[in-house]
Each structure stands twice: as structure tokens, then as C-alpha cells.
Amino acid sequence: MSHDGVRLRAVMRSVVFLTAGALAVPTLASCGSDDESGKPLAAQDIAPAGRDLVADGGTLRWAVDDVPETLNTFQSDADDATTRVAQAVLPAMFRLDAQGRPQRDADYLESAKVVDTEPKQVVLYKLDQQAVWSDGREIGAADFAAQWRALSGKDSAYWTARNAGYDRIEKIERGANNLEVKVTFSRPYADWKALFSPLYPKDVMGTPDAFNDGARRKLKVTAGAFSVQKVDRKDKEIVLGRNPHWWGRPAKLSQIVLAAVPLDKRAAALADGSVDLAEIDPADASRIALAGRAKGTSTPLQGATPTGKDENKNESRQKKKLSKKERKALATFLRQQDALRAFTVRRSLEPAYTQLALNGSEGPLADERVRRAVARALDRTELAKVVLKPLGLPAVPVGSHLALSGQAAYADNSGALGGQDTTEAQALLADAGWVPGGPVKDKGEKAAGSEGKKSKKSDDGAESEGGSDGQYIVGEDNKDPQDHTKKHGHGDESSKHLADGKQYDGRKVKQGGAPGAYAPKGTAAPADAKTGLLAKDGKPLALRFVLPSGTGSESLGAVADSISRMLEKVGIRTEITKVSDDSYFKDHIASGQYDLALYSWPASAFPATDARPIFAKPVPAADGSLNVEQNYTRVGTDQVDQLFDQAASTLDEDESAALVRKADARIWAAAGSIPLYQRPQLTAARRTLANAGSFGFQTPLYEDMGFLKKGATPSASPTKD
């Protein structure tokens with residue numbers, strides 16, 4: 001649900017996979033607040049430095065996943081690199097601050113406010129008098145109007161990804177002078193600050209041809225601290241240079257080069273100097289931390305063969321056992337480790353959360369009692385610890401589907417469903433008719449999950465971890481072919497920290513949540529439920545748990561293992577199936593071929609608009625299929641839809657936030673998805689690089705990034721001079 005200059009459409013094309021691993025670092029303290037929305041759980045980590053400490057000039061090489069297919073953020077194939085370019089070179093009326101809240105960008109706007117609500121909502125933008133495009137033309141009403149017409153949805157010749165918000169505009173006109181833009185809405189729109197960020201010139205938005213093709217490979221006219229100098233698809237990089245027409249604080253860097261580097265190649269790219277800044281996975285973060293600890297010592301790296309004189313016969317014998325290829329690989333590794341001493345890992349939490357999705361369209365999970373039982377079986381604090389504790393990040397479970405701690409709409413609404421309670425989970429299952437030790441049909445018949453579908457191999461044809469058929473079953477004869485409890489064991493914690501800073505002491509939560517969140521009064525958990533798996537109508541309660549199998553998916557597997565063990569305690573068997581990354585979303589999540597799955601959604605500053613498609617009630621399409629938008633759990637209610645509509649049409653910000661929170665409570669009660677934890681954000685940065693790293697919620701200030709002057713050290717916060 002990201003909205004940092006670019007709306008959700010740029011990130012909804014595919015699920016966001018979680019990566020995490022072991023990295024021994026001090027734990028960052030979480031923040032508490034009396035305000036319901038709280039504070040971000042972890043501060044951004046960008047090595048802030050005053051501009052007077054940053055040298056003028058230099059080139060920052062920044063790793064991206066790939067050269068984007070388009071530079072138009074409003075097209076369906078826009079990606080993170082598209083967003084990064086847009087943030088650096090285009091105007092945005094509002095940008096996000098460190099708490100994920102929209103703030104006026106003073107470089108473009110003197111003011112922006114609602115000046116009328118009757119008979120129509122009118123927003124008046126007063127532009128900075130110096131704001132001009134790189135061709136010298138003033139930014140004005142013509143640019144606003146062209147973007148509205150392109151994104152309104154009224155002209156199908158424009159190949160737009162989404163038109164949310166722009167479809168509510170009735171007209172755009174010049175105000176009292178060229179610096180004023182009046183936007184009149186046909187119906188009230190609470191999220192008006194989401195619009196015109198970024199703002200493209202009328203040259204791009206003015207005609208369908210220009211919109212569809214003109215900004216895919218180049219942006220001739222821009223209005224940011226930087227401009228696009230070159231898009232080099234052969235060398236897989238985009239070069240941004242200083243904009244000579246920029247009226248704001250001059251950019252410290254001469255150039256920013258966005259270089260395409262795959263995630264698994266970034267440690268090598270950092271070591272050979274190809275990049276200065278890169279988001280990395282926990283394994284590479286561990287390597288960099290290890291290299292940093294070895295700095296200035298003569299102690300060889302743990303696990304590495306010393307390179308000094310061969311004084312140890314055992315070491316000599318071990319080296320002789322290595323093949324030529326292995327010795328070469330070891331030498332390369334050691335050279336890289338030496339080079340990685342020049343880097344540090346900057347850590348925060350990404351503005352996105354990982355959830356457990358429950359497919360409510362068919363099978364046992366179509367019964368909301370079973371979904372709620374799954375949720376009540378989970379210890380979300382322990383699941384957060386699996387991923388975040390090794391990274392030194394606050395292991396606090398997420399309490400909202402629609403915002404993250406620190407954002408205006410955030411509140412911990414998990415109480416609408418209830419906390420972890422094995423007895424209550426068992427009672428819900430019993431009320432749904434699932435009993436231990438019931439008669440089970442022959443193994444040749446289908447289980448009660450998603451059609452009992454099984455995959456003998458991953459979708460890429462390769463055998464997966466966890467068994468020769470890409471699948472292992474937790475709860476069947478209490479056997480796990482990988483013995484995951486040894487790898488991911490976690491001790492019980494009597495005190496569980498919730499996302500609002502309060503503590504849950506492990507006692508049973510009092511009944512009083514949403515209707516149906518508890519079994520009917522008097523329903524007892526079966527006496528032998530602790531030991532027996534459940535069955536109904538001759539079918540065992542078995543859920544298909546689908547996971548990706550690619551690079552960086554190890555932590556998802558660890559979380560899935562923990563979830564499976566928690567579910568086994570209440571009598572639910574899970575069949576874990578690993579599939580290729582390419583197939584995971586398209587063939588399983590989007591098509592509904594799963595019972596349980598783990599994937600992530602980005603957070604939005606405008607949840608009334610951006611989150612609605614994710615939780616909208618599926619409706620039948622004309623062809624008889626089900627239109628789910630982005631609600632891949634297929635669980636939704638009319639009441640949630642109505643609350644979203646009310647929130648999007650309520651101009652009082654506090655009232656709108658209250659409606660969003662109420663919608664979130666209803667989403668919790670429906671138990672279609674269970675938020676688990678905020679994703680870790682790990683960024684490798686050259687030690688001399690300032691004002692860049694793990695940004696958290698905040699939109700980066702590209703003009704302030706740069707390399708420290710000799711002898712300078714980062715300050716507590718950057719200055720604006």
C-alpha cells in the first residue's frame with residue numbers, strides 16, 4: 001500500500017517477498033506513545049549530516065533490481081526504479097516524512113488547502129514562483145489539467161494503471177494568477193494530497209501517444225534537483241545529473257547512477273566498487289558486519305584460512321584438501337571481505353508488512369470459524385522474533401492491515417479478533433465440526449484443503465527443500481523430514497509486546513471482540529484435542545501452505561515452519577509446498593491455488609484509497625468469474641467496503657482516520673489475512689556516504705545526499721541551508 005510519490009499500482013503488480021537471516025547486532029529500541037498511532041518502531045538509518053559537512057561533487061552508484069521498462073509511474077509495469085527516478089527528477093506536491101505522513105513540498109508549493117466544501121470541494125494550490133520545468137516553462141494549471149485528463153479514466157486511449165482520485169475531479173482551472181491552480185471535485189475526496197505526486201509535464205500527459213510511449217524510455221522535461229541524462233539499457237544503468245534550472249538547494253552530488261545489480265550479486269558489486277549503496281539480504285549484511293569487526297585486526301575471518309605464514313600443520317593439511325576451484329573461491333571471498341570493510345549496514349524497518357493470507361473462497365477456510373481458529377493459534381510476537389530479532393530490529397507484531405506504527409491511521413485493532421489462545425482456537429474448530437480422531441477416508445481420497453492439490457515438484461521442475469517431492473506435511477505422524485525444530489526453535493515468552501507498546505501477559509483475552517471471534521459460550525475444547533489431528537466428514541483438516549523457493553526465501557520458510565507447529569498444536573495439519581518465484585504469485589496467489597501463503601503489502605499514507613482494492617468484497621464478473629481486484633484472500637464484507645467509501649469521502653482528517661481504523665477492526669474480525677511483522681530494511685552504504693541508507697517511511701532528499709568531507713562525521717540530524 002505504498003504511496004511515496006507513486007501510488008500502489010507500481011507495487012501491486014507482484015507480491016513482495018520477505019528476506020531475512022542471521023546478523024548479530026545490538027537491538028534497536030522500539031518507540032512508545034500515548035497517541036494511538038504511536039511512532040515508527042525503528043528510526044530511519046541514513047547517517048544524517050549537515051550540508052556543510054558534505055562535499056560538492058562526486059558520483060553515487062546506487063543498485064536497483066533492473067533498468068525500468070518505463071519512466072511513467074502511472075503505467076502498470078512501473079517498478080521501484082521508476083519511483084526512484086521520479087522522486088529525483090519530478091515535482092511532488094506532497095512527500096512523506098519520517099512517520100509516513102504527507103507533508104507539503106516547499107520547493108514546489110507555497111500552500112495547498114481546501115478552500116470550499118459547498119457546493120463542491122475545491123482545493124487551491126499556490127505554487128512557488130521559482131518552480132519551472134527544465135525547458136524554462138513555469139509549472140502551472142496546464143500541467144495539472146493534462147495529468148487529470150490522462151488519469152481520469154474517461155479516455156481509454158490512455159493506458160493507465162489506476163485512476164483513483166483523479167476520477168473524482170470535475171474541473172481544473174487557473175486561479176487568480178499563473179501561480180494558482182484551482183481543482184474542483186465532483187464528490188468529496190479525503191485523499192486529495194495523494195494527487196499530482198509526481199506531476200508530469202503536459203508534454204508527457206497531453207496526448208495518449210505521449211503518455212503511452214513518450215515517457216517510457218526517456219524524460220526530456222523534468223523539474224527536480226536532478227534530470228535524466230542517459231538511459232543505457234546495454235550497460236543496464238540510468239544516469240541522473242544535476243538540473244541546471246533547479247531553484248532549490250543545489251544537489252551535492254554531480255551524478256547519481258542507478259545500476260542494475262541482482263540481489264545475489266550485490267556483495268561482489270560493493271566489493272569491486274561497482275556500487276556505493278545497495279539494499280541487501282541478511283546474508284550479505286552478516287558478511288559486511290563480519291568484515292567490519294575484522295577491521296584493524298590481524299585475526300583471520302572466522303571460517304577462513306589464514307593468509308600469513310603456514311605455521312600450523314593442521315591448517316596446511318586443510319588447505320591441501322581444497323580443490324583448485326575451492327582455493328580460488330576462498331581467495332576471492334577474502335579479497336571481497338577486505339574491500340567490504342569500507343561499507344556499513346544501515347538498518348530500519350521497511351514501510352511494508354508481511355501477512356499470513358488465508359484463502360476463504362473454498363475448503364475449510366471458507367468457514368470463518370476455522371479462519372479465526374488459525375489466527376487464534378498464532379503467537380505473532382514469536383513469529384516476528386523469527387525474522388527481526390536476529391537482525392537487531394524491534395520484534396513487534398503489526399496491529400493493523402491499513403497502516404503502520406507512526407502513521408496517522410494506525411491503531412492496534414488486533415483485539416477485534418483476539419490474541420493467541422490455543423483453547424479458544426480448539427473450541428472454534430469444534431464448533432465448526434472438526435473433531436479429533438474422526439474417521440478418515442483412504443489416503444487416495446482428497447484432503448479437506450484446496451482440492452487436496454499436491455505438487456510433486458516445484459513449478460520450475462526442480463525438486464524443492466523439505467522432501468523429494470517439494471512438499472512435506474507437518475502433523476502427519478509427527479514427523480518432519482528436515483527436523484526444523486532444531487534449526488528454528490524458540491523458547492516460550494511470558495510477556496508479549498503488542499504493536500501499541502502495551503503488554504499482553506499471556507492470559508486469556510476476555511471475550512468482547514467482534515461477533516464470531518469466539519466460539520459460542522459453553523463450547524468446550526475437546527478433551528483429547530491436544531494430541532489428535534482433526535477430521536470432518538471423513539476428511540482430515542489439512543491446509544496447503546504455498547511458499548516461494550527462490551533466493552532470499554529462507555526466512556519465509558522459517559516463519560512457515562513456526563506457523564505449522566503452532567497450528568499442529570490445535571489439530572491442523574499443514575502441507576508445505578514450495579514453488580518457483582515466477583510461479584508463486586501468478587499461478588498460486590492471484591489464481592487462488594493455496595490455503596495459506598506468506599506475502600507482503602507496502603504501507604500507504606492514503607489507506608482509504610489505496611487499501612480498498614486489497615480488501616474489497618469480491619463480486620461476480622459478467623463472464624461468471626469472480627472479480628477480486630487485489631483481494632487475493634477472497635474474504636470481504638459490504639460493511640468494510642462502506643467504511644472505505646465513507647473514509648475516502650470525509651474531509652475531516654480525524655474522522656476519516658477513525659473510519660479507517662473501524663474498517664481495519666472489521667478486517668481483523670473476518671480473519672482473511674493476519675498481519676505478522678514489518679519487513680526489515682537492510683542497506684549497505686559506503687561509510688563516507690551521508691544522508692542515504694535505509695529511509696524507512698521518508699521520501700529521500702536527493703539533493704542532500706553526498707560524500708562527507710575529509711575528517712567530517714555525521715551529525716544528529718541534517719540541516720537545511
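Got a minute to help me understand the side chain of Gln121 in this structure?
Tracing the sequence through the fold places Gln121 in the loop between β4 (109-116) and β5 (122-127). Residue classification places Gln121 among the buried positions, given a relative accessible area of 2%. At 2.6 Å, the side chain of Gln121 and the backbone nitrogen of Tyr189 are in polar contact. Leave out the neighbours within four places in its chain, and Gln121 touches Val114, Asp116, Val183, Thr184, Phe185, Arg187, Pro188, Tyr189, Trp192 and Leu651.

What is the right way to read the environment of His401 from this model?
Tracing the sequence through the fold places His401 in the loop between α10 (380-388) and α11 (422-431). Residue classification places His401 among the buried positions, given a relative accessible area of 0%. With 13 residues separating them in the primary sequence, His401 and Ser414 have C-alpha atoms 9.4 Å apart. A distance of 2.8 Å separates a polar atom in the side chain of His401 from the backbone oxygen of Ser673.

Just checking my understanding: could you explain the pairing of strand β8 (residues 226-232) for this structure?
Regular strands place their side chains on alternate faces of the sheet. The pairing of β8 with strand β9 (residues 237-242) spans 6 bridges and is classified as antiparallel. Looking at the pairing, Asp232 lines up with Glu237 of β9.

Help me out: how do you make sense of the packing of helix α9 (residues 368-377) against α11 in this one?
Angle between the axes and distance between the axes are the two parameters that describe a pair of packed helices. As a packed pair, α9 and α11 sit with axes 8 Å apart at the nearest point and diverge in direction by 165°. For the element pair α9 / α11, the angle class is roughly antiparallel. Note on packing geometry: the crossing formed by α9 with α11 is left-handed. Along its contact with α9, which presents Arg369, Val370, Arg372, Ala373, Arg376 and Ala377, the element α11 presents Thr422, Glu424, Ala425, Leu428, Leu429 and Asp431. Classifying every residue of the contact of α9 with α11 gives 6 nonpolar, 1 polar and 5 charged.

Sorry if this is basic, but what is going on with the packing of α10 against helix α13 (residues 554-568) here?
Viewed as axis vectors pointing N to C, α10 and α13 meet at an angle of 160°, and their least axial separation amounts to 9 Å. One element, α10, and the other, α13, form an angle in the roughly antiparallel class. Helix-helix and strand crossings are classified by hand; for α10 and α13 the assignment is right-handed. Of the residues in α13, those in contact with Glu382, Leu383, Val386 and Val387 of α10 are Ala558, Val559, Ser562, Ile563 and Met566.

Explain the sheet that holds strand β18 (residues 539-540) here, please?
Picture the strands of a sheet paired through backbone hydrogen bonds; they go either parallel or antiparallel. Taken in spatial order, the 3 strands of this open sheet run β13-β17-β18, and their pairing is antiparallel. Here the strands that pair on one side only, and so sit at the sheet edges, are β13 (435-436) and β18. Inspection of the sheet shows strand β17 (residues 534-536) paired to β18 by 2 bridges, in the antiparallel sense. Considered in β18, the bridge of Ala535 is made with Pro540.

What counts and how
Residue numbers here run from 1 along each chain, matching the order of that chain's written sequence. Note on the predicted model: pLDDT of at least 70 is required for a residue's local features to be given, and 80 or more for side-chain atom pairs to be given and counted; whole-chain, interface and lining totals, by contrast, use all residues. Each side-chain value is worked out from all heavy atoms of the structure, with water and hydrogens disregarded. Comment: elements are numbered from the N terminus, with helices defined as DSSP H or I runs of at least four residues and strands as E runs of at least two. In this scheme, a residue with accessible area under 20% of its type's maximum is buried, one over 50% is exposed, and one in between is partly exposed, where area comes from a 1.4 Å probe on protein chains only. Two N or O atoms count as a polar contact when they lie within 3.5 Å, although within protein this holds only if one can serve as hydrogen donor and the other as acceptor, and sequence-adjacent residues are included solely when both atoms are side-chain atoms. Note on contacts: a residue pair is in contact if any heavy atoms of the two residues lie within 4.5 Å. We treat two strands as partners when DSSP finds at least two bridges between them. Structural elements are reduced to axes, namely lines fitted to C-alpha atoms, with helices fitted over the stretch in contact, and the angle between N-to-C directions of any two is expressed from 0 to 180 degrees. Our angle categories are set so that under 35 degrees counts as roughly parallel, over 145 as roughly antiparallel, 65 to 115 as roughly perpendicular, and the remainder as oblique. Crossing handedness follows the turn of the near helix against the far one: under a right angle anticlockwise gives a left-handed crossing, and clockwise gives a right-handed one. Throughout this entry, Asp, Glu, Lys and Arg are counted as charged residues, while Ala, Val, Leu, Ile, Met, Phe, Trp, Tyr, Cys and Pro are counted as nonpolar. The remaining residues, Gly among them, count as polar.

As far as function goes, none of this settles anything; it's purely spatial.
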